[in-house]
Amino acid sequence: GLRKPEEYIQAIRHRKKAEIYVLGEQVEDVTKHPFLKPTVRAYAVTYEAAWDPALRKLAVAYSPYINEEVNRFNHIHQSREDLEAKVKLLRALSHKVGACVQRCVGWDAINALHIVTHMIDKKKGSDYHKRFIEFLKYVQKNDIALAGAMTDVKGVRSLRPHQQPNPDAYVRVVEVRDDGIVVRGAKMSITGVVTSEEIIVMPTRAMTEKDEAYAISFAVPLDTEGIKIIVGRQVNDCRRFEENEIDSLPGAFNHEAMIIFDDVFVPWERVFMFKEWEFAYPLVEIFSSYHRHAYGGCKSGLADIIIGAAYNLAKQMGIADKHHIREKLVEMVFLTEAMYAASIAASWRGRKMGSGCYWVDPMFSNVAKQLVTRFPYEIARLSHDIAGGVLGTAPSAKDFMHPKLKPLLEKYFQCLPDYPAEHRLRMVRLLENISLGVMFLIESLHGAGSPAAQRIMMGRLYDFEKAEKIAKYLARIEKELPEEIRGKPEPWRSDIEE
Ligand code: SF4
Ligand code: FE
């Protein structure tokens with residue numbers, strides 16, 4: 001079913017006590033906490049979209065698992081059109097949220113698990129997929145807000161999980177019971193987690209047989225005993241506590257957090273991978289390709305806001321038609337559309353997997369994310385160039401409301417008389433917040449995997465042997481163009497159906 005935004009907010013308000021900390025204090029009600037309200041709003045936007053006639057087509061999909069309409073954020077992709085709709089939806093929702101939409105990681109997790117649980121069962125005769133489908137039905141029927149947790153704290157980076165001096169540096173099984181397992185460890189940098197209802201946990205890297213205790217995937221409600229969540233800081237984060245809407249920019253923030261699993265019990269029906277170490281790598285790469293695919297949508301959406309703000313500020317200054325400004329704006333457009341195009345292409349070269357779920361093209365989605373590790377920095381730089389130094393020096397909204405300063409600031413902060421000075425301040429604050437925020441820079445660089453992770457994938461997926469043979473043919477070293485040569489076979493290749 002489809003929930004209304006208010007129903008979602010009620011659900012996260014009335015849950016049993018989840019242990020959440022912000023700035024050293026435990027949070028009672030996430031829906032009322034100024035630090036977390038923007039994320040509540042971001043999630044609410046995803047629920048609202050299903051009821052918005054303009055967005056409904058993108059935001060709602062039909063689920064064959066429950067034979068009902070579902071929110072696309074809980075949908076299993078049934079076609080290439082579904083994959084394209086995901087990218088379009090994220091671009092559109094970024095415009096409403098003005099920050100990270102927060103709900104995508106859980107979405108990518110359910111799609112990856114749909115594929116991988118099926119792969120494991122096929123090889124091992126297990127019943128993970130059946131269990132997973134039961135969980136999926138519960139999620140879809142109740143329109144649950146999901147978070148996904150992959151990144152472990154990782155301890156010593158050069159050591160495998162089982163070699164770590166801290167054995168809990170990666171989430172692992174510490175006890176096996178008749179009714180389930182007990183897990184321990186911590187996940188880092190988890191997007192939007194405290195306003196979700198369920199956390200889906202996945203391994204973060206390839207594993208060897210010795211790491212089998214770490215090769216686990218499961219789902220737990222946020223308020224499960226033993227879970228502690230510590231919300232991270234972000235640049236400008238205390239502006240959320242300010243009362244005026246100009247400096248506090250309602251909504252245009254998000255959060256990431258550390259989740260500590262302090263001996264948490266997970267019943268068997270919520271365990272989707274148990275010591276299946278050979279499948280840790282396929283799960284990581286299938287999930288990562290999905291999440292990298294998402295970035296071409298959400299980051300191009302944020303780039304639209306930055307372009308719009310820079311354009312408006314140029315107009316306010318009376319320089320929008322100057323050649324050098326136009327050039328910079330067009331460059332920003334090029335960078336934005338290139339990120340988007342790569343994700344759209346990854347959708348249209350998507351493949352149907354053994355489970356029936358459509359997966360994105362991994363090469364194109366890794367290319368999309370690699371562009372996202374670079375282009376937002378350049379888009380931000382260009383927007384700062386256009387906006388001018390005022391971006392770093394503008395007075396506060398409180399000064400603007402000060403009875404003595406107001407008339408003076410209205411006079412001296414204005415450029416073209418057609419635009420009130422307050423509009424300039426609003427634009428400056430918006431641009432500053434989005435173009436310097438975690439979600440447009442650091443998250444673009446490291447979210448869904450740091451740049452090196454995409455380069456490893458691109459290097460693996462490209463067929464260098466074939467390229468060499470083509471060159472040899474044209475250099476007349478070999479007589480014939482080679483038949484298609486497959487790259488190194490990846491564990492999931494055999495699962496591709498069409
Ligand atoms: Fe979604 Fe983008 Fe936020 Fe990831 S960074 S959760 S893809 S909006
Ligand atoms: Fe992210």
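Quantities reported herein were computed from a predicted structural model and do not represent experimental measurements.

1. Describing a nonpolar patch on the surface
A cluster of nonpolar side chains, namely Leu-405, Leu-408 and Tyr-412, defines an oily patch on the protein surface of about 310 Å² accessible area. Within the secondary structure layout, Tyr-412 lies in helix α13 (residues 406-412).

2. Re the site of ligand 1
Every residue lining ligand 1 is accounted for by Cys-100, Val-101, Gln-102, Cys-104, Thr-191, His-291, Ala-294, Tyr-295, Cys-298, Lys-299 and Glu-443. Take the shell around ligand 1: its biggest share by element is five residues, from helix α8 (residues 280-317). Tallied by class, residues from the shell around ligand 1 come to six nonpolar, three polar and two charged.

3. Structural notes on the domain arrangement of the protein chain
The parts lose accessible area when they come together, and the size of an interface is often stated as this lost area. Here the domain parsing of the protein chain yields domain 1 (283-460) and domain 2 (463-495). Distance from the C-alpha centre of domain 1 to the C-alpha centre of domain 2: 38 Å.

4. Some thoughts on α8
Here α8 spans 54 Å end to end across 38 residues, near enough to the 56 Å set by a 1.5 Å rise per residue. Counting buried positions along α8 gives 33 out of 38 residues, so the element sits mostly inside the fold. Note on α8: the residue one or two positions beyond its end, Gly-318, has a positive phi of about 80°.

5. Quick look at the environment of Lys-17
Mapping Lys-17 onto the fold places it in the loop between α1 (5-13) and β1 (19-22). The exposure class assigned to Lys-17 is exposed, which follows from its relative accessible area of 55%. Along the primary structure Lys-17 and Thr-224 are separated by 207 residues, whereas in three dimensions their C-alpha atoms are 8.7 Å apart. Ignoring sequence-local partners within four residues, the contact set of Lys-17 consists of Gln-26, Glu-28 and Asp-223.

6. As for the packing of aromatic side chains
All chains considered together, the criterion is met by 13 aromatic pairs. Consider the rings of Phe-135 and Phe-272, whose centres lie 5.4 Å apart with planes at 45°: the pair is tilted. With a gap of 137 residues between them, Phe-135 in helix α6 (residues 128-142) and Phe-272 in strand β12 (residues 271-274) connect regions that are remote in the sequence. Judged by its relative accessible area of 3%, Phe-135 is buried.

7. Quick word on the side chain of Ser-248
If you trace the backbone, Ser-248 turns up in helix α7 (residues 245-248). For Ser-248, the side chain forms a polar contact with the main-chain oxygen of Asn-244, separated by 2.8 Å. Non-local contacts of Ser-248, meaning those with residues more than four positions away in its chain, are made with Arg-239, Glu-242, Glu-243 and Phe-253.

8. Focus on the pairing of strand β11 (residues 256-267)
Where strand β7 (residues 180-191) and β11 come together, nine bridges link them in antiparallel fashion. Residue pairing for β11: Ala-186 is matched across the bridge by Ile-260. Two strands pair when backbone bridges link them, and strand β10 (residues 227-231) and β11 are joined in this way by five bridges, in the antiparallel orientation. Each bridged residue has a counterpart across the sheet, and for Lys-228 the counterpart in β11 is Ile-260.

9. Some details on the environment of Leu-335
Among the structural elements, Leu-335 can be located in helix α9 (residues 323-348). The buried category is assigned to Leu-335, whose relative accessible area is 4%. The spatial distance from the C-alpha of Leu-335 to the C-alpha of Ile-144 is 35 Å, given a sequence separation of 191 residues. Excluding its chain neighbours within four sequence positions, the residues that come into contact with Leu-335 are Phe-375, Glu-378, Ile-379 and Leu-382.

10. Notes on the packing of helix α10 (residues 362-387) against helix α16 (residues 451-461)
Where α10 contacts α16, the two axes come as close as 9 Å, and the packing angle between them is 150°. Here α10 lies roughly antiparallel to α16, going by the angle between them. The interaxial crossing formed by α10 with α16 has left-handed handedness. Two secondary-structure elements touch here, α10 through Pro-362, Met-363, Asn-366, Val-367, Lys-369, Gln-370, Thr-373 and Arg-374 and α16 through Pro-451, Gln-454, Arg-455, Met-457, Met-458 and Leu-461. The residue inventory of the contact of α10 with α16, partitioned by class, reads seven nonpolar, four polar and three charged.

11. With respect to the sheet that holds β11
The mixed open sheet is built from six strands, whose spatial order is β2-β1-β10-β11-β7-β6. Both edges of this open sheet fall to β2 (25-26) and β6 (172-176), since each of them pairs with a single strand only. Judged from the two bridges that link them, β1 and β2 form a sheet pairing that is antiparallel. What sits directly across from Tyr-21, in β2, is Gln-26.

12. Overview of the pattern of salt bridges
The full count for this structure, using the stated rule, is 36 salt bridges. Notably, a salt bridge pairs Glu-443 with Lys-299, separated by 2.7 Å at the nearest N-O pair. Of this pair, Glu-443 sits in helix α15 (residues 442-446) while Lys-299 sits in helix α8, and the two are 144 residues apart along the sequence. Among the residues examined, Glu-443 registers a relative accessible area of 8% and is labelled buried.

Conventions we followed
Each chain carries its own residue numbering, running from 1 in the written order of its sequence. Chain labels run from A onward and ligand labels from 1 onward, assigned in the order the entries are written. Residues qualify for local features only when their pLDDT is at least 70, as the model is predicted, and side-chain atom pairs are given and counted only at 80 or more; totals for whole chains, interfaces and linings, by contrast, use all residues. The side-chain quantities take in all heavy atoms of the structure and omit both hydrogens and water. Patch construction takes residues with relative accessible area above 30% that form no salt bridge. Like charges are linked within 9 Å, and nonpolar side chains (Val, Leu, Ile, Met, Phe, Trp, Tyr) are linked within 5 Å. Per-residue accessibility takes into account occlusion by the displayed protein chains alone, with areas from the Shrake-Rupley method and a 1.4 Å probe. For this document, the term salt bridge refers to a Lys or Arg side-chain nitrogen within 4 Å of an Asp or Glu carboxyl oxygen. Per the convention used, a helix needs a DSSP run of H or I reaching at least four residues, while a strand needs a run of E reaching at least two, with both numbered from the N terminus. Any residue with a heavy atom lying within 4 Å of a molecule or strand is counted as near it. Here the nonpolar group is Ala, Val, Leu, Ile, Met, Phe, Trp, Tyr, Cys and Pro; Asp, Glu, Lys and Arg are the charged ones; every other residue, Gly included, is treated as polar. Domains are outlined according to an automatic or database domain assignment. Between the first and last residue of a helix there are one fewer steps than residues, each counted as 1.5 Å, and that sum is the expected span. Remark: exposure states derive from per-residue accessible area (1.4 Å probe, protein chains only) relative to the maximum for the residue type, with buried under 20%, exposed over 50%, and partly exposed in between. Only heavy atoms enter the contact rule, under which two residues are in contact if any of them lie within 4.5 Å. Working definition: rings of Phe, Tyr and Trp (its six-membered ring) pair if their centres are within 6.5 Å, and the pair is stacked with planes under 30 degrees apart, edge-to-face with planes over 60 apart, and tilted otherwise. Pairs of N or O atoms within 3.5 Å make up the polar contacts considered here, provided that, within protein, one atom can donate a hydrogen while the other can accept it, and that residues adjacent in sequence are counted only when both atoms are side-chain atoms. In this analysis, strands are considered paired if DSSP registers two or more bridges between them. Helix axes use the C-alpha atoms of the stretch in contact, all axes being lines fitted to C-alpha atoms, and the angles between their N-to-C directions lie in the range 0 to 180 degrees. What sets the label is the angle itself: under 35 degrees gives roughly parallel, over 145 gives roughly antiparallel, 65 to 115 gives roughly perpendicular, and the rest give oblique. For any pair of crossing helices, the crossing counts as left-handed if the nearer helix is rotated counterclockwise from the farther one by less than a right angle, and right-handed if it is rotated clockwise.

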